[in-house]
Amino acid sequence: MAAEEVECRKRYQHQPLKHQSSIRLARLLPGTFNTPVSIQLIEVSLENPPPYKALSYVWGSPVGNIPVSCHGQELLITENCVAALRRIRSKFRKCILWIDSICIDQSSTEERNHQVALMGDVYSMASEVIIWLGEKTPCSNFAMSFLTRYHWISKAAVPEFFRSHLLRKQIGILEAMEITAEKERWNPVWGVLGCIYDSTWFKRKWTIQEFILGRCCYFQYGGKRVETSKMFTAIFRLTTQRSTLSAGFSDMGIIPTCFAAYMTFYTIFKEDLQRNVRTPARKKPIMTDFLGLGRFQAATNPKDAVFGMYGVLQNLDPTINLPDYSKSLEEIYTEATKLAITHDDSLDILLQTFESEGSLDIPSWVPNWNVPLHHGLDPMLQSPPGEGGPSGAPAKASFLEDGMSLSVLGYFASRVTRCSKLYIPRLDDADDFPEFEKGEHPFVAEWPLLASTKAYLEWIDIAREVRSHPTGKPIKEVFGYTLVPLSLLAVNYREYSTNAYESWLQTITSASEVCSQRLEKPQAGNLDRAAVAAPISNDETSRFTPHDTTGEQEMGRPEYVGNVGSIREDNKVDAFASLAYSACLGTRLFVTSAGYIGRGLKEVQEGDLVVLISGVSRPLIVRKEGETYRLRGPCHVEGIMNGEKWPDNENDLVEIILR
């Protein structure tokens, strides 16, 4: 887009606000689409503001570079902001708007601190929040019109059989357009609706509170607009309908996490706040969940990982400290964590921690709120393990005077005595798997599946050496639920999943009799703990691969590559493999001194401790350092997830100092 033509080139300077309750509003002057944008700024009190709309958008560029006219002077704003104003303005009437980049003096840290503290009120008092997704794209007009039409049909007062017929017809139209979108490469990852799913707006931190606090929100994409609740309802109904037509395989899994968070959790959160419901019906800690799910959205300034959601946090707890950009990042994150623990009366926030938090000098019990988890033990992506969790006890914690230590009560369940060498990789873990570099073999595009297949074979070998499980359950069953916990399976999917697990085992080991050798017939003789903890030889991970690998080895292909094609050929096996990959992402297998089999994050080491902490719904891994302990993230250990190991006598609990 060409720069705006502004007659007067003098740069506009914001005048200081006169009152603590004051904000600026932008009066957008009338104009046609192609005429230069012209605005005027007015100071008003939030105690009695005129009717106004708030704009929620992504800056794009961190600084403005497009000049528009402001009181006849030049004001620089971003290209995306200019595009939104062109679409929003009327030909004949003035429009009163609140726009952060225009209404806040971005050059004044003092004013930014003050105005950020008011943004919750700004968005909650706006008559309408316009969510700008961007200028139109080749498929955006179709996507917006399709979802509007799909919602209308799903709510129309017509017989159900006729509604189902019309919705199936709409799905046919969508699928035809998806073929066109694929050919034209409009959005090769997310399909024809990808222009919405993959919009940058859903990936930014600031937009969360703008959506949650807005009373009436609309998505606007180019010249098309639709109410947010109608879009989310249409997409949910669409995915459900497509799941029914595809024999139970829902395509909810292809919706990006950032978008899904808005469609589910943030929408529920928004409705609860509007009804003044402080705790959702499922009784999960609100502030912990809110901060945790917000990690999927990015913030240019790491401090905005907390300050960017201040309006909602203040709504939950008015005692929160005012935003102060002069504070260190470590101080901001520690304060937010302490607030969540106190507000929620829960220590489940400890499940948000993991060792690879970056270079921040923060206590191990304080999450880095600007880093997404992206692992299979992410508490936001799992159902509760069971009523009460592994401890079934309330939170009992205190903050020590040094400001870095947290005192909790807990019980050491077992010690890690053996860890797998291999873990299930994420896409950004390629450096740890050099054997899958491009050109190494013809399945290079499937390298995560190849790497996870190699890891599963090692895990199976480790599991078969556990002669008996403390619960008395068969090792084969325990191993299956260690890969995919029961809490992740829908009730009507569990029987199907059991059959899929059996088929997956047979496929990954290439023959059913080999599967039996691996998990049902451990080697003769009693294996002592030293033997269990002994290092795994390179031969053990491939010893039971039965197919003829001679030709493959000559070609330089790993001997387990042949199994990858078999996994993809069977829909049932492929579905289980995908579920297992998601559940195990970023984790490795371990065995404890008591014979438990579990999964921890890839940083878990032999000698680490499995601990149950009062007020935490899942077990954790800790590492002793002197007289204190450092958290190493959550873990899943079959047999202790539902209170089985929690002591009957609270006198058996010990004080654990976390740093």
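Residues numbered from 1 in each chain as written. Predicted model: local features only at pLDDT ≥ 70, side-chain atom pairs only at ≥ 80, totals over all residues. Heavy atoms only, no water.

The next point concerns the packing of helix α10 (residues 286-293) against helix α13 (residues 329-344). The contact between α10 and α13 brings their axes to 7 Å, and the two run at 145°. Mapping the contact onto sequence places I286, M287, T288 and L291 in α10 and A336, L339, A340, H343 and D344 in α13. For the contact of α10 with α13, the residue count by class is six nonpolar, two polar and one charged. (Axes fitted to C-alpha atoms, helices over the stretch in contact; angles between N-to-C directions. Helix = DSSP H or I, 4+ residues; strand = E, 2+ residues; numbered from the N terminus. Contact = heavy atoms within 4.5 Å. Nonpolar A, V, L, I, M, F, W, Y, C, P; charged D, E, K, R; others polar.)

Its location among the elements puts S56 in strand β3 (residues 53-56). A residue is classified by how much of its surface remains accessible, and S56, at 1% relative accessible area, is buried. If we ignore the near neighbours within four places in the chain, the residues touching S56 are Y123, V129, I130, I131, W132, W201, T207 and E210. (Buried < 20%, exposed > 50% of the residue type's maximum accessible area, 1.4 Å probe, protein only.)

Turning our eyes to something else, we now look at the pairing of strand β2 (residues 38-45). Here seven bridges tie strand β1 (residues 22-28) to β2, and the two strands are oriented antiparallel to one another. Its bridge partner being in β2, R27 is matched across the sheet by Q40. In terms of strand pairing, β2 meets strand β4 (residues 66-70) through two bridges, oriented parallel. Bridge pairing in β4 places I39 opposite C70. (Pairing = 2+ DSSP bridges.)

Attention now moves to the sheet that holds β1. Read across the open sheet, the nine strands follow the order β5-β4-β2-β1-β6-β3-β7-β8-β9; overall the sheet is mixed. In this open sheet, the two strands that pair with only one neighbour each are β5 (73-77) and β9 (224-227). The average undirected angle you get between the axes of adjacent strands in this sheet is 40°.

In this section: the environment of A594. On the secondary structure map, A594 appears in the loop between β12 (587-592) and β13 (597-601). With 179 residues separating them along the chain, A594 and R415 place their C-alpha atoms 7.8 Å apart.

Before going further, it helps to spend a moment on the pattern of salt bridges. If charged atoms from side chains of opposite charge come close, those side chains can pair. All told, the structure shown has 18 salt bridges when counted by the stated rule. With a closest N to O distance of 2.8 Å, R659 and D402 form a salt bridge. A residue pair is termed long-range when its members are at least 10 positions apart, and R659 in the segment after β17 (654-658) and D402 in the loop between β10 (397-399) and β11 (406-423) qualify at 257 residues. You can call D402 partly exposed: its relative accessible area is 42%. Here the salt bridges do not stand alone but share partners, grouping R418, D461, R464 and E465 into one network. (Salt bridge = Lys/Arg side-chain N within 4 Å of Asp/Glu carboxyl O.)

Here Q297 lies in the loop between α10 and α11 (304-307). For Q297, the side chain forms a polar contact with the side chain of Y266, separated by 3.3 Å. Beyond its immediate stretch of four places on either side in the chain, Q297 contacts F202, K203, R204, K205, I208, C258, Y262 and Y266. (Polar contact = N/O pair within 3.5 Å; in protein donor to acceptor, adjacent residues only side chain to side chain.)

Quick look at helix α9 (residues 257-274) now. Its 18 residues give α9 an end-to-end C-alpha distance of 24 Å, which sits within 8% of 26 Å, the value for a rise of 1.5 Å per residue. The largest bend along α9 measures about 35° and falls at Y266. With 13 of its 18 residues buried, α9 lies for the most part within the structure. (Expected span 1.5 Å × (residues − 1). Bend = angle between axes of the 7 residues up to and from the residue.)

The subject of this paragraph is the packing of aromatic side chains. The final tally for this structure, using the stated rule, is 27 aromatic pairs. Three or more aromatic residues joined by ring pairs form one cluster here, namely Y197, W201, F202, F211, F219, F232, F259, Y262, F265, Y266, F269 and F290. If you follow R112 out to its NZ or CZ, it ends over the ring of Y325, 4.6 Å from the centre. (Phe/Tyr/Trp six-rings, centres within 6.5 Å; stacked < 30°, edge-to-face > 60°. Lys NZ or Arg CZ within 6 Å of the ring centre and 35° of its normal.)

The subject of this paragraph is the layout of surface pockets. Size it by volume and the second largest pocket reaches roughly 970 Å³. Looking at the second largest pocket, it is lined by 36 residues, and the ones nearest its centre are W59, P62, V63, S101 and Q106. Residues belonging to the lining of the second largest pocket are distributed by class as follows: 16 nonpolar, 12 polar and eight charged. (1 Å grid on protein atoms, 1.4 Å probe; cavity = no way out; pocket = protein on both sides within 12 Å on 5 of 7 lines; lining within 4 Å. Points joined across faces, edges and corners; volume = space filled by probe spheres on them.)

Looking at the chain as a whole, the pLDDT averages 82, with 80% of positions reaching at least 70. With pLDDT under 50 throughout, residues 511-518 is counted as low confidence; its partners more than four residues away or in other chains account for 21 contacts. (pLDDT = per-residue confidence, 0-100.)

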